[in-house]
Amino acid sequence: MRFSRRQFFHASSGALAFGSSLTLLKGVGIADTQPIKVANILDRTGGLNIYCLKQITAAAMAVDELNSAGGLLGRKIELIFYDSQSNNQLNSQYATQAFVRDKVDVLHGGVTSSSREVMRPIVDRFKGLYFYNALYEGGVCDRRHVCTGMVPAQQIEPLVDYVVGEKGAKKGYILAADYNYGQITAKWMQKFIRQRGGQDLAVEFFPLDVTNFAPVISRIQAAKPDVVWSALVGDAHMSFYRQYEATIGKKNMMLVGSTYGVGRENATLSPQENEGIIIATSFIDTLPTEAAKSFVAKFKAYSGQNDYVGEYGEYGYRGMMLWAEAVKKAGSVRPDDVIAALDGTTYNGAGGLYKIDGQTNHTTMDIHIGVGNTSQSFDVVKSFSQRAPSDTQAVCDLHKNPNDTKQYEPQL
């Protein structure tokens, strides 16, 4: 990755620290005091780094912008990066190191739900604050956990309304990754499909390293669904989209992806393989707004990379800016003070207005249905304004139960 000339790095024990020069910091009015320390734990390497590379850069860009504007509360921000390498043992090790050795004020990171569930108890143990900047299966109720990405009521429910309700694709076949994200997301798919009068003909789960989907494609062809629902995750599962188009084809059977596009899969597949895949997202590069165009141009100029940014890249920037707004509101970086200020914190970002719901510490946002096109991007076909995390709101109330740390699952 290339970073701006304002930054320097140093590597130590798996951590990489990002900061700005002291001369520059004094020039923008930042006092020579202890920096605010932000941990960023993501997969720079490993099998799931397709989701993380842009987010790592976007988080650094946000910190650089904040420091250039005077930092926070008159203090510079030091971003300490840890490469978790798609290894949950490293997520555990680095989360502990961040709080115990590096004394961070907040942790941003984790891409999979399993990595989040490894780190969340550590954050709770050290009474810290954790921003999880990713879409996930919903239901986490924890005052020290803030989710800035989509949950099923924001993503899966409008997808089902569009595909089952508007397109009439009643019979579905569900494929999902074999860990907590895929297992719980599949339940949400079943729940919403059944509520709309549809059928889930089958649900199958696949380990993250599976690349041969020929057997399940044969089963799909035999079952003859109207639509295939994919909650597959990771680089290996890119094979499914290629094999699907080479055999069944989206013109013959609809294909919906809950994680497709967030890891820039659309930029890797051929135009034909991308065309027609249906997604729901809170940000894509081609959103027809000035805010989206400005963010994409700024990111490309900052990173020196002239390719697709995607939702996970924008998540890294969004999460950092929402945290910064809560710090300003609290007048403090102490985790408990920031937590008390979270309710109603807003940030106008590339995907629209983001607002933290203090009942759940999840985020209200705009949602867009997109359909893959031959430009290796997506056409927006429908949008929903300020969709709330209603699935998690139904089971979580941190106002009434501030000590809750449970993840709730849907009942079928």
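Residues numbered from 1 in each chain as written. Predicted model: local features only at pLDDT ≥ 70, side-chain atom pairs only at ≥ 80, totals over all residues. Heavy atoms only, no water.

Some thoughts on the overall build of the protein chain
Alright, step 1. Along the protein chain, the regular secondary structure elements total 14 helices and 16 strands.
Alright, step 2. Taking 2.2 N^0.38 as the reference for a compact globule, 412 residues should give roughly 22 Å; the C-alpha atoms of the protein chain span a radius of gyration of 21 Å, in line with that estimate.
Alright, step 3. In terms of principal-axis extent, the alpha carbons of the protein chain reach across some 70 × 45 × 40 Å.
Alright, step 4. When contacts within the protein chain are restricted to residue pairs at least 6 apart in sequence, those whose partners lie at least 24 apart make up 71%.
Alright, step 5. Counting every atom, the protein chain has about 15,000 Å² of accessible surface; 48% of that belongs to carbon and sulfur. (Helix = DSSP H or I, 4+ residues; strand = E, 2+ residues; numbered from the N terminus. Rg over C-alpha atoms; globule rule 2.2 N^0.38 Å. Contact = heavy atoms within 4.5 Å. Areas by Shrake-Rupley, 256 points an atom, 1.4 Å probe, with all protein chains shown as cover.)

Quick notes on unusual backbone geometry
Alright, step 1. For glutamine 85, which is not glycine, the phi dihedral falls at a positive 55°.
Alright, step 2. By the element assignment, glutamine 85 lies in the loop between β4 (77-83) and α3 (88-100).
Alright, step 3. Its identity is not glycine, yet arginine 264 carries a phi of approximately 65°, on the positive side.
Alright, step 4. Examined against the element boundaries, arginine 264 turns out to sit in the loop between β11 (254-257) and α9 (265-268).

Focus: the pairing of strand β16 (residues 378-387)
Side chains on a regular strand alternate between the two faces of the sheet.
Alright, step 1. Both strand β15 (residues 362-372) and β16 contribute to a ladder of 7 bridges, which runs antiparallel. Looking at β16, one finds that glycine 372 is bridged to phenylalanine 378.
Alright, step 2. The loop that links β15 with its antiparallel partner β16 comprises 5 residues; one of these, glutamine 376, has a positive phi angle of about 60°. (Pairing = 2+ DSSP bridges.)

So, the environment of threonine 57
Alright, step 1. Within the secondary structure, threonine 57 sits in helix α2 (residues 53-68).
Alright, step 2. Given a relative accessible area of 1%, threonine 57 falls into the buried group.
Alright, step 3. Separated by 269 residues in the primary sequence, threonine 57 and alanine 326 place their C-alpha atoms 22 Å from one another.
Alright, step 4. Only 3.3 Å separates the side chain of threonine 57 from the backbone oxygen of leucine 53, close enough to count as a polar contact. (Buried < 20%, exposed > 50% of the residue type's maximum accessible area, 1.4 Å probe, protein only. Polar contact = N/O pair within 3.5 Å; in protein donor to acceptor, adjacent residues only side chain to side chain.)

Regarding the confidence of the model for the protein chain
Low-pLDDT portions of the prediction should not be read for the details of their coordinates.
Alright, step 1. Taken over all residues, the pLDDT of the protein chain has a mean of 92, while the share at 70 or more is 92%.
Alright, step 2. Overall, residues 1-14 carries pLDDT values under 50, and its contacts beyond four positions in sequence, including any with other chains, amount to 46 contacts. (pLDDT = per-residue confidence, 0-100.)

Examining α3
Alright, step 1. Compared with the 18 Å implied by 1.5 Å per residue over 13 residues, the 18 Å span of α3 between its first and last C-alpha is a close match.
Alright, step 2. Of all the residues in α3, the buried ones are Leu90, Asn91, Tyr94, Ala95, Gln97, Ala98 and Phe99.
Alright, step 3. With a side-chain oxygen positioned 2.8 Å from the backbone nitrogen of glutamine 89, the residue opening α3 is asparagine 87. (Expected span 1.5 Å × (residues − 1).)

Digging into the packing of aromatic side chains
Alright, step 1. For the structure shown, the criterion picks out 17 aromatic pairs.
Alright, step 2. Summarising the aromatic geometry, the rings of phenylalanine 213 and phenylalanine 240 are spaced 5.5 Å apart at their centres and angled 70° between planes, so their arrangement reads as edge-to-face. With phenylalanine 213 in the loop between β9 (199-206) and α7 (214-223) and phenylalanine 240 in helix α8 (residues 238-247), the pair connects residues that are 27 residues apart, well separated along the chain.
Alright, step 3. Judged by relative accessible area, which is 0%, phenylalanine 213 ranks as buried.
Alright, step 4. Taking 6.3 Å as the distance between ring centres and 40° as the angle between the ring planes, the aromatic pair formed by phenylalanine 295 and phenylalanine 299 counts as tilted. (Phe/Tyr/Trp six-rings, centres within 6.5 Å; stacked < 30°, edge-to-face > 60°.)

What to know about the side chain of threonine 392
Alright, step 1. Tracing the sequence through the fold places threonine 392 in helix α14 (residues 390-393).
Alright, step 2. Sequence-distant contacts of threonine 392, defined by excluding residues within four places in its chain, comprise Tyr136, Gly138, Gly139, Val140, Val151, Thr360 and His362.

Brief notes about the packing of α2 against helix α12 (residues 311-330)
In helix packing, the relevant descriptors are the interaxial angle and the interaxial distance, both defined with respect to the helix axes.
Alright, step 1. Interhelical geometry of α2 versus α12 gives an angle of 35° and a closest axis separation of 7 Å. Regarding α2 and α12, the two cross each other, and that crossing is right-handed. Every residue of α12 that contacts α2 at Lys54, Gln55, Ala58, Ala59, Met61, Ala62, Val63, Glu65 and Leu66 is listed here: Tyr312, Gly313, Tyr315, Gly316, Tyr317, Met320, Met321 and Ala324.
Alright, step 2. Looking at the contact of α2 with α12 residue by residue, the classes come out as 12 nonpolar, 3 polar and 2 charged. (Axes fitted to C-alpha atoms, helices over the stretch in contact; angles between N-to-C directions. Left-handed = near helix turned anticlockwise from the far one by under 90°. Nonpolar A, V, L, I, M, F, W, Y, C, P; charged D, E, K, R; others polar.)

Re α7
Alright, step 1. Here α7 has its buried residues at Val216, Ile217 and Ile220. The buried residues of α7 all sit within an arc of 105° when viewed along its axis, so they share a single face.
Alright, step 2. On the buried face of α7, the contacting elements are β8 (171-177), β9, β10 (227-231) and α8. (Arc of directions from axis to C-beta.)

As for the pairing of β15
Alright, step 1. When you tally the buried positions in β15, you get 11 out of 11 residues, the bulk of the element.
Alright, step 2. Summarising the sheet, strand β12 (residues 278-281) and β15 pair through 4 bridges and their orientation is antiparallel. Bridging across to β15, alanine 280 finds its partner in isoleucine 369.
Alright, step 3. Where strand β14 (residues 352-357) lies against β15, 3 bridges are found, and the strand directions are antiparallel.

Some details on the state of the cysteines
Alright, step 1. By the definition in use, this model includes 1 disulfide.
Alright, step 2. Between cysteine 141 and cysteine 396 runs a disulfide, and the two sulfur atoms are separated by 2.1 Å. Given an S-S torsion of about 70°, the disulfide between cysteine 141 and cysteine 396 has right-handed geometry. Taken together, the residues span a long stretch of sequence, with cysteine 141 in the loop between β6 (130-132) and β7 (145-147) and cysteine 396 in the segment after α14 at a distance of 255 residues.
Alright, step 3. Residue classification places cysteine 141 among the buried residues on the basis of a relative accessible area of 0%.
Alright, step 4. The class of cysteine 396 is buried, set by a relative accessible area of 1%.
Alright, step 5. Here cysteine 52 is not cross-linked by a disulfide; its sulfur's nearest cysteine counterpart is in cysteine 147, at 15 Å.
Alright, step 6. The closest cysteine sulfur to the non-disulfide-bonded cysteine 147 is located on cysteine 396, 12 Å from its own sulfur. (Disulfide = S-S within 2.5 Å.)

Looking at the nonpolar core
Alright, step 1. If you look at the biggest cluster of nonpolar residues, it comprises 128 residues, and the most contacted ones within it are Leu107, Leu175, Val228, Trp229, Phe240 and Trp323.
Alright, step 2. Looking at which element gives the most residues to this core, the answer is α12, with 10 residues. (Core = buried A, V, L, I, M, F, W, Y, C linked by side-chain atoms within 4.5 Å.)

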